[in-house]
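As a plain string of letters, each chain reads:
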Amino acid sequence: QILLQLKAAGLVASTRGASGGYHLGRPPERITIADVVNVIDPPEPTRADDARTPLARAVHVVWAQILSAQKKILETTTLADLVARSQAEYDIIYQI
């Protein structure tokens, strides 16, 4: 199901046949983690602030800041970045 969603969004493409399968629909440098997450788990519409107490409003403000920081990281991290990070970690762990 997830691959079909990603295919519909153009993030992956499929090839039929014995050596077929799925491959990226565009270069990994042009696919962000936000692209993938937004296809699999679309963001919910923002709700009006209905917090009634000062503490609830304060928590709401902090939560909005957390979501904003998360969004920024997801929008600026690409699949190529993830591969580079994983390779760097692999080199460090297994280097003699």
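Look above for the structure.
If you're wondering where the values come from, they're calculated on a predicted model, not measured in any experiment.

Asks: What am I meant to see in the overall build of the chain here?
Replies: On a plain count of helices and strands, the chain comes out with 4 helices and 2 strands. Seen in sequence order, the chain has helices and strands lined up from the N terminus as α-β-β-α-α-α. Relative to its full complement of 96 residues, the chain shows a buried share of 11%. The contacts of the chain with a sequence gap of at least 6 include a subset with a gap of at least 24, amounting to 48%. Within the structure as shown, the chain displays about 8,000 Å² of accessible surface, and the carbon and sulfur contribution to it stands at 59%.

Asks: Looking at this structure, I do not really get the pairing of strand S2 (residues 21–24). What am I missing?
Replies: Put simply, side chains in a regular strand alternate between the two faces of the sheet. With 4 bridges connecting them, strand S1 (residues 12–15) and S2 associate as antiparallel partners. Looking at the pairing, Ser14 lines up with Tyr22 of S2. Taking the residues that link successive antiparallel strands as the turn, the S1-S2 hairpin has 5 residues, and the phi of Gly17 there is positive, at about 110 degrees.

Asks: What am I meant to see in the pattern of salt bridges here?
Replies: Pairing between side chains becomes possible if they bear opposite charge and their charged atoms approach one another. Within the structure shown, the criterion is met by 2 salt bridges. Between Asp35 and Arg26 there is a salt bridge, with the nearest N and O atoms lying 2.9 Å from each other. In this structure Asp35 comes out as partly exposed when scored by relative accessible area, which is 25%. The exposure class assigned to Arg26 is partly exposed, which follows from its relative accessible area of 25%. As a salt-bridge pair, Glu75 and Lys71 come within 4.0 Å of each other at their nearest N and O atoms. One end of the pair is Glu75 and the other is Lys71, both in helix H3 (residues 54–76) and 4 residues apart, which spans about a single turn.

Quick notes on the rules
The residue numbers shown here count from 1 along each chain, following its written sequence. For a predicted model such as this one, the threshold for reporting local features is a pLDDT of at least 70, and the threshold for listing and counting side-chain atom pairs is 80 or more; totals across whole chains, interfaces and linings nevertheless cover every residue. To obtain the side-chain values, all non-hydrogen atoms of the structure were included, while hydrogens and water were left out. Counting from the N terminus, the helices are the DSSP runs of H or I reaching at least four residues and the strands are the DSSP runs of E reaching at least two. Whether a residue is buried, partly exposed or exposed follows from its accessible area with a 1.4 Å probe, protein chains only, as a fraction of its type maximum: under 20%, in between, or over 50%, in that order. Between two residues, a contact is recorded if the distance between any of their heavy atoms is within 4.5 Å. For every accessible area listed, the method is Shrake-Rupley and the probe measures 1.4 Å; residues are considered covered only by the protein chains on display. DSSP-based pairing: two strands are paired if at least 2 bridges between them are found. Salt bridges are defined by distance alone: a side-chain nitrogen of Lys or Arg within 4 Å of a carboxyl oxygen of Asp or Glu.

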